[in-house]
Amino acid sequence: MSSENQETETQQESGEEKQDTQEKESNPVKAEEAKLKAKYPNLGQKPGGSDFLMKRLQKGQKYFDSGDYNMAKAKMKNKQLPTAGPDKNLVTGDHIPTPQDLPQRKSSLVTSKLAG
Amino acid sequence: GAGNAGVGGGNDFQWCFSQVKGAIDEDVAEADIISTVEFNYSGDLLATGDKGGRVVIFQREQEGNNRSHSRGEYNVYSTFQSHEPEFDYLKSLEIEEKINKIRWLPQQNAAHFLLSTNDKTIKLWKISERDKRAEGYNLKDENGRLRDPFRITSLRVPVLKPMDLMVEASPRRIFANAHTYHINSISVNSDHETYLSADDLRINLWHLEITDRSFNIVDIKPANMEELTEVITAAECHPNQCNVFVYSSSKGTIRLCDMRASALCDRHSKFFEEPEDPSSRSFFSEIISSISDVKFSHSGRYMMTRDYLSVKVWDLNMESRPVETYQVHEYLRSKLCSLYENDCIFDKFECCWNGSDNAIMTGSYNNFFRMFDRNTRRDITLEASRESSKPRAILKPRKVCTGGKRKKDEISVDSLDFNKKILHTAWHPKENIIAVAATNNLYIFQDKIN
């Protein structure tokens, strides 16, 4: 068994050993999976599916709706904020951005501290 | 020399601290986080890019000085602002200035060239030295002010006088507007004329001289985005076959493509995937199998891939499974739930080969990094920390304790600092000198000189 050599951590190529290792490995991972599902019961069955990847593709997307902004400014109390369902509207979320919320982006004209 | 694999253990080899660059203060500004590290072909230059869009290039000092026990030190050679933050108003898209990758071009004359890229735009920078200045102009005085032409009564030939070395960086080409999605890789081709750039769904081929056109060579965007199942995570040109490149995916697969086979390389020539045991499939399987980096060996015979928990070496002649697998931090397997919650499971670690391809290196958490010797099968865990940063101090191997009983000097998995991630490392192309980026600090280590 590969565990005899304590220096090495490379997996051996033989099928038997691979099976054995994977059995041991699947237990902690399954336990972790159960933990996650207990915390987030609505978590989708396809983690690698389109929802998850779409989020990656839409990184950097920032929306501003002037209508919503003006209404919020006018403090209309009976306005319903749109809530994001678990499967839709990944990009706008449940928060209407206001100009104050959007972080000010300034380029770093300061010299890098690595060059100091 | 580079013949020695350089992985610790026994009396053959040890790594020592050489230098550390960057601020010591605890409060790290986001802009200072190093996002890429790359040696040039000779190893004399070392470039870093950061989240603030800045590039800093270090140059190795000539070894004329016999006083120092260590080999030449790396000192600042040039620094410049490569990219700035942008906002695409048409798409409501904020474009970060963070430098995703830097790749050097092989040197062809006195100047140095590199490609740097953020999410959307690639730039070719020329770094050149100026150590002479012309004096004695006819139309300008010493301060550069124009002289009154009517006052000039004689002509003289300007002479070149030496001046303090000035290193200038200028953008020579800007390759823009070719990527709808976020660029993750750039790779210079062995023909030294073209390079590829890859985003989540497409790969483009550019000519270094031409900025208004690029060829799309891979497009995996589905007609219906609801059908999207995988994205491109990394791509690289083969080191000596200019028609071959590979790209990796979020599903843990690698495709090798041959540009001679067809103009659009959507159909791969080779498909590398390790078969998965269906019984071990879990919610995390696909996420941890996502490949964050792919690198050809210098020989071009092998390639290495990094996924969340391991590094795999593949023989290009065998698509069915990797020839070697190295566990980076297997103890994290029982922490996947919390690593998913804090997003660490999506961290993109890079990997690199040493010059002779007999050792590989990759980073981990707690400012640990790991090296594997392919011949002896030994591995070592080292730490980049200010505590072990005395000149020529030998780095002590680290060990993470997984079981109940923690030995002295070991650290338990729960004590690891997951905010201290080493995502970017680089190995000198010829010598045992390594550069390790630990958040906002750059560490340089080298082998012990007897």
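Residues numbered from 1 in each chain as written. Chains lettered and ligands numbered in written order. Predicted model: local features only at pLDDT ≥ 70, side-chain atom pairs only at ≥ 80, totals over all residues. Heavy atoms only, no water.

Before going further, it helps to examine the sheet that holds strand β19 (residues 270-272) of chain B. All names here are of chain B. The strand order across the open sheet formed by four strands is β16-β17-β18-β19, and the pairing between neighbours is antiparallel. Looking along the sheet, the strands with just one partner apiece sit at the ends: β16 (232-237) and β19. Averaged over all adjacent pairs, the angle separating strand axes in this sheet is 20 degrees, with direction ignored. Taken together, the five bridges between β16 and strand β17 (residues 244-249) define a ladder with antiparallel strand orientation. Bridged to Ala-234 within β17 is Ser-248. (Pairing = 2+ DSSP bridges. Helix = DSSP H or I, 4+ residues; strand = E, 2+ residues; numbered from the N terminus. Axes fitted to C-alpha atoms, helices over the stretch in contact; angles between N-to-C directions.)

All names here are of chain B. Of all six residues making up strand β2 (residues 34-39), five are buried, and the element is well covered by its neighbours. In this sheet, strand β3 (residues 45-50) lies alongside β2 in antiparallel orientation, the contact comprising five bridges. Bridging across to β3, Glu-38 finds its partner in Ala-47. Counting the residues in the hairpin turn of β2 and β3 gives five residues, including Gly-43, whose phi is positive at 85 degrees. (Buried < 20%, exposed > 50% of the residue type's maximum accessible area, 1.4 Å probe, protein only.)

Looking now at the pattern of salt bridges. Two side chains of opposite charge can pair, provided their charged atoms sit close to one another. Using the criterion set out here, one finds 37 salt bridges over all chains in the structure. A salt bridge links Lys-312 of chain B to Glu-274 of chain B; its shortest N-O distance comes to 2.7 Å. Separated by 38 residues along the polypeptide, Lys-312 of chain B in strand β22 (residues 310-315) and Glu-274 of chain B in the loop between β19 and α1 (285-289) bring together distant segments of the chain. In this structure, Lys-312 of chain B and Glu-274 of chain B share a single accessibility class: buried. We note a salt bridge from Lys-421 of chain B to Asp-347 of chain B, for which the minimum N-O separation is 2.8 Å. Of the two residues, Lys-421 of chain B sits in the loop between β29 (410-412) and β30 (424-427) while Asp-347 of chain B sits in the loop between α2 (336-341) and β24 (351-353), which places them 74 residues apart along the sequence. On the basis of relative accessibility, which here comes to 21%, the residue Lys-421 of chain B falls in the partly exposed class. Take Asp-347 of chain B: its relative accessible area is 16%, and that puts it in the buried class. Salt bridges sharing partners connect three or more residues here, namely Lys-113 of chain A together with Asp-32, Asp-50 and Arg-54 of chain B. (Salt bridge = Lys/Arg side-chain N within 4 Å of Asp/Glu carboxyl O.)

This next bit is on the side chain of Glu-350 of chain B. Structurally, Glu-350 of chain B is set in the loop between α2 and β24. Sequence-distant contacts of Glu-350 of chain B, defined by excluding residues within four places in its chain, comprise Lys-101, Asp-293, Arg-306, Met-361, Thr-362, Gly-363, Leu-423 and His-424 of chain B. (Contact = heavy atoms within 4.5 Å.)

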